[in-house]
Amino acid sequence: MMLLYKAWLESRARFLLGLLALAGLSAVFVLFNQDVRTVVTDHDMSYVEYIWRGIFKGQLRDIYVILTLLLGLGGLDRERSYGTAGHTLALPVSRWRLIAARGLTGIVETAVLAILPASLVPALSPFVHESYSWLLAFQFGALWTIGGTLIFAIGFLASVLVAGEYSAAVAALVFLFGYSITTDLPGMEHYLVDIHDVMNGSGPHDISTLAAISVTAAAMIWFGGLITSRKDY
Amino acid sequence: MWLKAWRESRMRFLATALSLSALCAVAVLSEPYIRQHQVPIALRLREGSYSEYIYNLIYSGMAKGLYALLVIFLGLGELQRERATRTAGFTLSLPVSRLRVVGTQVAVGTVELAALASVPAILIPALSAFLHRSYPLPIALHFSVLWFFGGMIIFAASFLLSVVTPGEYTAPVACYLALVLHTFVAAWHPLAGYRLNLMWVMGEFQTMRWNVAHTLLLPPPLSWLRMCVMACFALLLLSAAIRVTNKQDY
């Protein structure tokens, strides 16, 4: 429990900033939908399409992706440069438990960030005399959670593989950009799942695809743990 | 001091320069392929001229986004990080003022920023020639100037936030959110006429026009007044950061 608390203390500033931003922007998108519509698109569309374009596919999803990537950073390598890795490693727990606590905390934070817009959109819509299906919103929440977990795992693995605090973040961002471009190339849909399309519901989102994404994310976190367990701090 | 500032930021700088170079190279060299196939990132790029393709993919597209994102990491202040790694004492014991320590970091960052903003201007006209295409150097340089001044504001904001926020990843998150939120503020009706959206300014969004033959997208003349205002704003943010650094207890 204390390890989870430690992981929470290390990531809470990033998480809370992200939470505030996503909550605020979700509210702005819904409550000021008439004004924001002109920013999202230049043609008429229904409220449901506007929410999809602005939140579940558009700007808010982009913010969520970057936030989850940055949530994955940190860990023992960062502590090594601070000179506190020794204190953490002296705790009577295995390195695997340290990794698991950080991974679990990050995944829970990722899920909370994903569920937030999915809860706020249907809850706030009646205030502007509109309605949005709770079921549909939570389906997007689930897709964001699974996609976000993979993106979190990319940040997590980068923080283990790349030395230097900000270098890991830069490497993770560059990898994500490279991946996003590669998945858009013709023919790549046979070999790579486009996580962005999965998250916005326009790509494949059957159970087997979602399971494959979850397994990939878990494997990346496990690989990060494996490297950490063998590293000399 | 210069060497120290360079060594501390070179990994981030080189990674950013390499990524931008790779993106520009891929965009130019795979242009026939991308335009022939139905590539989702470039659906709207299938029609239109080569200059429109370059503009939509580089100057108003992914490359601009990548540049803006990675500049955030270039701007993160070093003394704050050194405090966390407990090496700030060594740096501050050097026989130079804090102003010089921070000033050198800012100067090196500014030079790196100028180099990054020049990457597309060097690569795109040069690589276009390989495909028997041409992209005018003056237009490429026009965008380099915009990217440099726009990047300066992001760099300065990141530098200031890294001085005033705790934790090494809080500043980039805060800076990224500020970058996103300012676009919403800029779109607010009373402010919309002033074109305060930095990303719009860097990409000349909605201000590009066609030449007479409708073959080349041209930017409007560079507004040096706007560049001066942007530079002044960046300097204001940097001054605030230096002021806070001078008063901080390391």
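Residue numbering note: each chain is counted from 1, following its sequence as written. Each chain is given a letter, starting from A, and each ligand a number, starting from 1, according to the order in which they appear as written. Local features in this predicted model are restricted to residues of pLDDT 70 or higher, and side-chain atom pairs are both shown and tallied only at a pLDDT of 80 or more, whereas totals for entire chains, interfaces and linings draw on every residue. Computation of side-chain values covers all heavy atoms of the structure but excludes hydrogens and water.

1. Things to note about the overall build of chain A
Thinking step 1. Check the secondary structure of chain A and you find 11 helices and 0 strands.
Thinking step 2. Numbering of helices and strands runs from the N terminus, with a helix taken as a DSSP run of H or I at least four residues long and a strand as a DSSP run of E at least two residues long. Reading chain A from its N terminus to its C terminus gives the helix and strand order α-α-α-α-α-α-α-α-α-α-α.
Thinking step 3. For a compact globule the rule gives 2.2 Å times the number of residues to the power 0.38, and the radius of gyration it is set against comes from C-alpha atoms. Relative to the globule expectation of 17 Å for 233 residues, the C-alpha radius of gyration of chain A, 19 Å, shows essentially globular dimensions.
Thinking step 4. If one aligns the C-alpha atoms of chain A with their principal axes, the spans along those axes are about 60 × 40 × 30 Å.

2. Here's the deal with the side chain of Asp194 of chain A
Residue and element names in this part refer to chain A.
Thinking step 1. As for its position among the elements, Asp194 is in the loop between α9 (165-184) and α10 (195-200).
Thinking step 2. Accessible area is worked out with a 1.4 Å probe on protein chains only. A residue is then buried under 20% of its type maximum, exposed over 50%, and partly exposed in between. Charge assignment: positive for Lys and Arg, negative for Asp and Glu; neither His nor the chain ends contribute. Definition used for salt bridges: Asp or Glu carboxyl oxygen within 4 Å of a side-chain nitrogen of Lys or Arg. No salt bridge is formed by the buried Asp194. Its closest oppositely charged neighbour is Arg61, at 6.9 Å.
Thinking step 3. Residues within four places of Asp194 in sequence aside, it is in contact with Tyr179, Thr183 and Asp184. Contacts between residues were defined by any pair of non-hydrogen atoms, one from each residue, lying within 4.5 Å.

3. Structural notes on the packing of helix α8 (residues 134-161) of chain A against helix α11 (residues 207-230) of chain A
Residues and elements named next belong to chain A.
Thinking step 1. In contact at an axis separation of 9 Å, α8 and α11 are set at 20 degrees when each is read in the N-to-C sense. As summarised for this structure, α8 and α11 are arranged roughly parallel, according to the angle between their axes. Once α8 is placed against α11, the crossing between them reads as left-handed. For the pair formed by α8 and α11, the contact residues are Leu143, Ile146, Thr149, Leu150, Phe152, Ala153, Ile154, Phe156, Leu157, Val160 and Leu161 on the first element and Leu210, Ile213, Ser214, Thr216, Ala217, Met220, Ile221, Phe223, Gly224, Ile227 and Thr228 on the second.
Thinking step 2. Looking at the contact of α8 with α11, its residues break down into 17 nonpolar, 5 polar and no charged. Axis definition: a line fitted to C-alpha atoms, over the contacting stretch in the case of helices. Angles run 0 to 180 degrees between N-to-C directions. Throughout, the term roughly parallel applies to angles under 35 degrees, roughly antiparallel to angles over 145, roughly perpendicular to angles from 65 to 115, and oblique to all others. Handedness of a crossing is defined here by the sense of rotation of the near helix relative to the far one, left-handed for an anticlockwise turn of less than a right angle and right-handed for a clockwise turn. Under the scheme applied here, ten amino acids are nonpolar (Ala, Val, Leu, Ile, Met, Phe, Trp, Tyr, Cys and Pro), four are charged (Asp, Glu, Lys and Arg), and all others, including Gly, are polar.

4. Notes on the interface of chain A and chain B
Thinking step 1. Taken together, the contacts link 33 residues of chain A with 34 residues of chain B.
Thinking step 2. By buried area we mean how much accessible surface two parts lose on assembly, using a 1.4 Å probe and totalling the loss over both. Where chain A abuts chain B, roughly 3400 Å² becomes buried across the two surfaces, and 79% of that area is made up of carbon and sulfur atoms.
Thinking step 3. Looking at the side of chain A facing chain B, the largest losses of area belong to Tyr82, Tyr166 and Phe177 of chain A, adding up to 21% of the total buried there.
Thinking step 4. At the boundary of chain A and chain B, one finds 0 salt bridges.
Thinking step 5. Identification of polar contacts relies on pairs of N or O atoms within 3.5 Å, with a donor-acceptor requirement for protein atoms, meaning one able to donate a hydrogen and the other able to accept it, and with residues adjacent in sequence counted only if both atoms are side-chain atoms. Along the contact surface separating chain A from chain B lie 0 residue pairs in polar contact (both at pLDDT 80 or more).
Thinking step 6. Elements with a minimum of two residues in the side of chain A that touches chain B: α1 (2-31), α2 (33-40), α4 (59-71), α5 (76-82) and α9 of chain A.
Thinking step 7. Looking at the side of chain A that touches chain B, the element that brings in the most residues is α9 of chain A, giving 10 residues.

5. Considering the environment of Ile51 of chain A
Residues and elements named next belong to chain A.
Thinking step 1. Looking at the secondary structure, you find Ile51 in helix α3 (residues 47-56).
Thinking step 2. Judged by its relative accessible area of 0%, Ile51 falls in the buried class.
Thinking step 3. Separated by 69 residues in sequence, Ile51 and Leu120 place their C-alpha atoms 12 Å apart.
Thinking step 4. The residues contacting Ile51, other than those within four sequence positions of it, are Val30, Phe56, Val121 and Tyr132.

6. A short note on the environment of Met152 of chain B
Residue and element names in this part refer to chain B.
Thinking step 1. Counting through the fold element by element, Met152 comes out in helix α8 (residues 137-164).
Thinking step 2. A residue is classified by how much of its surface remains accessible, and Met152, at 9% relative accessible area, is buried.
Thinking step 3. Sequence spacing of Met152 and Phe233 is 81 residues, and the spatial spacing of their C-alpha atoms is 9.1 Å.
Thinking step 4. Ignoring any residue separated from it by four or fewer positions in sequence, one finds Met152 in contact with Thr110, Leu113, Ala234 and Leu238.

7. What about α4 of chain A?
Residues lying three or four places apart along an α-helix face the same way, a consequence of the helix completing one turn every 3.6 residues.
Residues and elements named next belong to chain A.
Thinking step 1. With 13 residues, α4 ought to run about 18 Å at 1.5 Å a step, and its terminal C-alpha atoms sit 18 Å apart, in line with that.
Thinking step 2. Within α4, 11 of the 13 residues are buried, leaving the element largely enclosed by the surrounding structure.
Thinking step 3. If you check which residues of α4 are buried, you get Leu60, Arg61, Ile63, Tyr64, Val65, Ile66, Leu67, Thr68, Leu69, Leu70 and Leu71. What a helix is expected to span follows from its residue count: subtract one and scale by 1.5 Å.

8. Let's talk about the pattern of salt bridges
Thinking step 1. Going through the model one piece at a time under the given rule, you end up with 5 salt bridges over all chains.
Thinking step 2. A salt bridge links Arg61 of chain A to Asp62 of chain A; its shortest N-O distance comes to 3.5 Å.
Thinking step 3. A residue is classified by how much of its surface remains accessible, and Arg61 of chain A, at 5% relative accessible area, is buried.
Thinking step 4. Where Lys4 of chain B meets Glu8 of chain B, a salt bridge forms, and the shortest distance between an N and an O atom there is 2.7 Å. Of the two residues, Lys4 of chain B and Glu8 of chain B both sit in helix α1 (residues 2-29), 4 residues apart, roughly one turn of that helix.
Thinking step 5. Residue classification places Glu8 of chain B among the partly exposed positions, given a relative accessible area of 21%.

9. Focus on the confidence of the model for chain A
Close reading of the predicted structure is inappropriate where its pLDDT is low.
Thinking step 1. When the pLDDT values of chain A are averaged, the result is 88; 98% of them are 70 or greater.
Thinking step 2. Values of pLDDT, which run from 0 to 100, indicate the predictor's confidence residue by residue. Within chain A, the element-level pLDDT minimum falls on α5 of chain A, averaging 74, and the maximum on α8 of chain A, averaging 94.

10. Some remarks on a nonpolar patch on the surface
Thinking step 1. What goes into a patch is any residue over 30% in relative accessible area without a salt bridge, connected to like charges within 9 Å or, for nonpolar side chains (Val, Leu, Ile, Met, Phe, Trp, Tyr), within 5 Å. Calculation of accessible area relied on Shrake-Rupley with a 1.4 Å probe; when residues are assessed, cover is drawn exclusively from the protein chains displayed. On the surface, a cluster of nonpolar side chains totalling about 430 Å² of accessible area is made up of Trp96, Leu161, Trp222 and Phe223 of chain A.
Thinking step 2. Among the structural elements, Phe223 of chain A can be located in helix α11.

11. Concerning the confidence of the model for chain B
Thinking step 1. For chain B, per-residue confidence averages 86 on the pLDDT scale, and residues scoring 70 or more make up 94% of the total.
Thinking step 2. Highest mean pLDDT in chain B belongs to α8 of chain B (93); lowest belongs to helix α5 (residues 78-84) of chain B (70).

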